[in-house]
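Structural overview for review
Each chain is listed here by its residues.
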Amino acid sequence: MPPRRIGDDFDADSDSDVSILDDLEDVGRARGKGKGKAIDRRRKDKGKGKAKEQPYAWEASYTRSWDTVQEDEAGSLQGAVQDLIARGRRRRLLAPATAIRRTIIRHLILVLDLSSAMMDRDMRPTRFDLMLQYAREFIVEWFDQNPLGQIGIVGMRSGLGERIGEMTGNPQEVLKAISERHKLEPNGEPSLQNAIEMARSTMSHLPTHSSREITVIFGSLTTCDPGNIHDTLESCLKDRIRISVVALAAEMKICRDLCDKTGGQFGVALNEGHFKDLLFELIPPPAARALARTGSGAPANPAADLMMMGFPTRLPDTSPPALCVCHSQLKSEGFLCPRCRAKVCDVPTDCDICGLMIVSSPHLARSYHHLFPVKAYQAVMALVDTPSPAPGCHGCAQLFEKMASTMTNTTEGMSPLGRYRCPDCHNDFCTDCDVFVHDVVHCCPGCGK
Amino acid sequence: MDKASHLSVVIDLSPTQWHLCSQSSNPYPLTLQSFLSQLLAFFNSHIACKDENTLAVFGAFPGKSVLLYSSTTIAAEEHSVNADANTYRPFKVLDSTIMGSIRNQLEALELLEAEAPIGLVGAITKSLCYINRLTIPSSSTTPAEEKQAPLDPRILIFSVSPDQSPSYIPIMNSIFSAQKLKVTIDVCKIYGPDSVFLQQAAHLTGGSYLHLNRPDAVLQYLTMSFLPPPGIRQLLSVPTQDKIDFRAACFCHKKIVDIGFVCSVCLSIFCNPVPVCSTCR
Ligand SMILES: [Zn+2]
Ligand SMILES: [Zn+2]
Ligand SMILES: [Zn+2]
Ligand SMILES: [Zn+2]
Ligand SMILES: [Zn+2]
Ligand SMILES: [Zn+2]
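Residues numbered from 1 in each chain as written. Chains lettered and ligands numbered in written order. Predicted model: local features only at pLDDT ≥ 70, side-chain atom pairs only at ≥ 80, totals over all residues. Heavy atoms only, no water.

- Per an unreviewed UniProt entry, chain B goes by General transcription and DNA repair factor IIH subunit TFB4 and derives from Obba rivulosa.
- As recorded by UniProt, the Sequence similarities (unreviewed entry) comment attached to chain B reads in full: "Belongs to the TFB4 family."
- Entered under Subunit (unreviewed entry) in the UniProt record, the comment concerning chain B runs "Component of the 7-subunit TFIIH core complex composed of XPB/SSL2, XPD/RAD3, SSL1, TFB1, TFB2, TFB4 and TFB5, which is active in NER. The core complex associates with the 3-subunit CTD-kinase module TFIIK composed of CCL1, KIN28 and TFB3 to form the 10-subunit holoenzyme (holo-TFIIH) active in transcription." (UniProt positions renumbered as here; feature names shortened; annotations may be inferred.)

- Identification of chain A as General transcription and DNA repair factor IIH from Obba rivulosa is taken from an unreviewed UniProt entry.
- Quoted verbatim from the Subcellular location (unreviewed entry) heading of the UniProt record, the comment on chain A is "Nucleus".
- The UniProt entry for chain A carries this comment under Function (unreviewed entry): "Component of the general transcription and DNA repair factor IIH (TFIIH) core complex, which is involved in general and transcription-coupled nucleotide excision repair (NER) of damaged DNA and, when complexed to TFIIK, in RNA transcription by RNA polymerase II."

A closer look at the coordination of the zinc ion (ligand 2)
All names here are of chain A.
- Looking at the zinc ion (ligand 2), one finds its protein donor set to be C337 (SG), C340 (SG), C351 (SG) and C354 (SG), positioned 2.2 to 2.3 Å from the metal centre.
- In this structure, the zinc ion (ligand 2) is coordinated by four donor atoms arranged in tetrahedral fashion, with angles at the metal of 102 to 114°.
- Every donor residue of the zinc ion (ligand 2) comes from the same chain, spaced as C-x2-C-x10-C-x2-C.
- For C351, a relative accessible area of 4% gives the class buried.
- On the basis of relative accessibility, which here comes to 27%, the residue C354 falls in the partly exposed class. (Donors = N, O, S within 2.8 Å, 3.2 Å for Na, K, Ca; no water. Tetrahedral: all angles 85-135°; square planar, octahedral: opposite > 155°, others 65-115°. Buried < 20%, exposed > 50% of the residue type's maximum accessible area, 1.4 Å probe, protein only.)

Considering unusual backbone geometry
All names here are of chain A.
- Note that the residue after R124, namely P125, is joined by a cis bond; omega there is -5°.
- Along the polypeptide, P125 turns up in the loop between strand 1 (106–113) and helix 5 (127–145).
- Phi is positive for A397, close to 70°, though the residue is something other than glycine.
- Of note, A397 is situated in the loop between strand 15 (378–379) and strand 16 (420–421).
- Of note in the backbone geometry, H442 takes a positive phi value of approximately 60° without being a glycine.
- For H442, the position within the fold is in the segment after helix 14 (431–441). (Helix = DSSP H or I, 4+ residues; strand = E, 2+ residues; numbered from the N terminus.)

Description of the layout of surface pockets
- The volume enclosed by the second largest pocket comes to roughly 1,300 Å³.
- Around the second largest pocket sit 43 residues that line it, and P147(A), G169(A), V347(A), P348(A) and H363(A) are the ones nearest its centre.
- Of all elements in the fold, only helix 5, helix 6 (171–177), strand 11 (334–336), strand 13 (349–350) and helix 12 (361–365) of chain A together with helix 5 (168–181) and helix 6 (196–205) of chain B reach the threshold of two or more residues within the lining of the second largest pocket.
- The biggest single contributor to the lining of the second largest pocket is helix 6 of chain A, with four residues.
- A breakdown of the residues in the lining of the second largest pocket according to their chemical character gives 20 nonpolar, 15 polar and eight charged. (1 Å grid on protein atoms, 1.4 Å probe; cavity = no way out; pocket = protein on both sides within 12 Å on 5 of 7 lines; lining within 4 Å. Points joined across faces, edges and corners; volume = space filled by probe spheres on them. Nonpolar A, V, L, I, M, F, W, Y, C, P; charged D, E, K, R; others polar.)

A look at the pairing of strand 4 (residues 211–218) of chain A
Residue and element names in this part refer to chain A.
- The buried fraction of strand 4 is high, at eight of eight residues.
- Burial along strand 4 is two-sided: the residues S211, E213, T215 and I217 and R212, I214, V216 and F218 are all buried.
- Sheet topology note: the strand 1/strand 4 ladder contains seven bridges and is parallel. Of the residues in strand 4, the one forming a bridge with H107 is R212. (Pairing = 2+ DSSP bridges.)

What about the sheet that holds strand 12 (residues 343–344) of chain A?
- Taking strand neighbours across the sheet as the criterion, the four strands line up as 12(A)-11(A)-8(A)-7(B) in an open arrangement whose pairing is antiparallel. The sheet terminates laterally at strand 12 of chain A together with strand 7 (244–245) of chain B, the two strands that pair on one side only.
- When strand 8 (residues 313–315) of chain A meets strand 7 of chain B, the two strands line up antiparallel, connected through two bridges. Following the sheet pairing, R314(A) is matched in strand 7 of chain B by I244(B).

Structure below.
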């Protein structure tokens with residue numbers, strides 16, 4: 001391993017001289033700007049790579065809202081938009097093509113820093129307000145992608161851990177827990193240990209088939225702990241809890257350790273947009289092998305265990321009213337537990353009578369696109385080897401440009417013709433459809449599967 | 001109907017099923033010919049409701065799916081249609097384009113291909129791509145030519161084929177993207193047993209699922225239930241579905257189960273406890 005040249009990396013400027021200690025990382029860093037998706041080590045470098053392009057939020061003297069989107073010579077925003085699209089395309093191409101095992105039933109405790117450090121204004125309007133805003137967006141998106149998951153919320157304020165929202169599978173209840181800003185007013189010092197212990201005790205009873213995760217948004221540079229936080233780390237490891245930290249200020253050795261040892265992700269937000277990126281990277285269900293890799297005593301490939309689930313029948317609005325078992329209210333509509341025929345108001349839920357987990361099949365199906373992702377489309381660079389190119393997009397029938405555009409050919413991974421070809425059905429798609437098919441539909445219109 | 005509305009239509013054009021549907025042994029037989037003529041009348045009334053209304057028609061053929069007509073790209077072909085003093089010109093263009101492309105597609109079908117599974121999923125995803133392009137400001141259009149996105153985009157599916165279990169996951173994915181785009185999916189089941197997948201599609205997107213009791217009177221159903229856009233339908237009493245089957249099909253035998261065993265990693269459904277999950281093993 002070559003000796004590390006101090007100062008050749010942006011790290012030397014940041015407050016995190018601790019990271020120089022773990023020389024293991026040099027391997028990953030040598031790869032330069034890692035844009036890898038699944039591998040934790042490479043992801044850390046992504047932040048470092050970006051650091052060379054963008055200044056830290058506190059180094060900027062003005063709000064850079066006009067920096068992120070730049071007009072080109074013609075005064076249009078096309079260049080900036082295409083750059084964003086290109087970045088998304090590259091990320092997809094680097095993602096593993098095979099279906100990887102992912103933990104789908106997730107349990108997450110979101111730990112919010114409510115210490116006085118959150119009143120800092122280096123992120124607009126304040127770190128605190130920005131965190132609340134992004135946390136709301138995070139929760140909505142998280143439930144969209146993890147419909148069977150549950151979220152609880154813990155706050156760190158005045159040296160204590162505070163239970164803000166109980167663990168629940170209903171996004172509305174989670175959002176309600178953080179809707180009242182004045183109840184969350186930042187104060188005092190944060191305590192990582194207290195908050196993590198509280199989160200850990202909340203999740204200790206959970207069955208083995210679900211993931212246990214803690215995501216910390218941490219704005220402070222200190223933590224005020226009653227005991228040895230490394231003991232907490234040990235017990236988290238034993239409970240197979242994965243901890244991820246999004247730091248807003250700078251890297252702290254203990255945060256990095258918490259994430260590295262438990263298989264989570266660590267990132268320092270450089271600015272508002274990067275903060276959101278880091279947080280939203282935690283939304284897709286984590287690959288199950290990441291968990292197996294870190295668990296020291298755990299088997300390398302935990303056998304999939306099966307859960308018994310009931311699929312209910314939905315009663316029509318016109319059926320005769322009956323009492324539900326959950327609220328004892330007289331209602332017409334509802335769902336019948338397939339095992340004991342009890343009537344419940346909403347799914348997914350555990351039957352109050354027989355304890356069977358009741359889900360409707362659309363709830364399960366919402367997760368299937370993670371198992372069968374659409375293959376990334378390839379950018380068509382030239383039409384010479386295509387005998388009869390289709391005149392229009394196979395998805396939306398928009399006609400393609402006849403001539404190669406001169407402006408886009410500088411961007412890597414973008415087709416100068418605006419054509420992206422499916423490797424399976426060999427149909428061409430336009431940029432909009434490429435993004436739409438991979439991010440939303442998860443089903444190629446040409447292959448039909 | 002203040003704002004323009006967009007309608008995407010997906011027609012199931014399986015030759016085998018339409019042949020069965022037109023058998024005189026059925027209580028109310030409906031031939032493809034008479035269905036299409038009633039359908040064209042419905043399209044014309046949709047266009048006539050408001051000048052800005054847009055229409056796209058997708059055909060699901062065995063093994064493929066084709067865009068048959070789209071009111072936004074048709075302008076170039078308009079000149080090729082002979083003028084007719086007795087017909088409103090846009091109607092004439094629409095009718096001849098749709099009939100022409102259906103005829104071409106059916107004639108091009110090989111005998112073997114006619115038995116291939118119907119390309120319903122492709123047609124639905126294409127209509128979603130089409131609506132996606134209408135609703136987002138495209139990167140390839142300059143702001144000047146950007147139009148006001150049509151309100152209430154919706155998809156109307158005419159189905160004659162039974163469900164195909166392999167298409168369960170793609171249809172579910174399409175339903176979720178329709179929800180994201182706020183697209184309503186209406187289903188008109190003309191022939192055959194009720195489709196569990198399409199019932200769920202209509203239920204989850206707030207559309208209506210209609211199993212025709214009198215297929216020969218399809219135009220009546222269309223004008224009463226599917227002509228008004230979803231915003232207006234709240235004021236009308238459109239038929240609703242009674243019971244929705246939320247039961248699932250197991251991955252191993254495609255059997256409908258009410259209590260299943262679900263893999264905790266990938267959520268595959270099995271009807272019996274299995275030692276190893278065959279999907280994610
Ligand atoms: Zn109830
Ligand atoms: Zn029960
Ligand atoms: Zn397209
Ligand atoms: Zn394809
Ligand atoms: Zn089975
Ligand atoms: Zn599995």
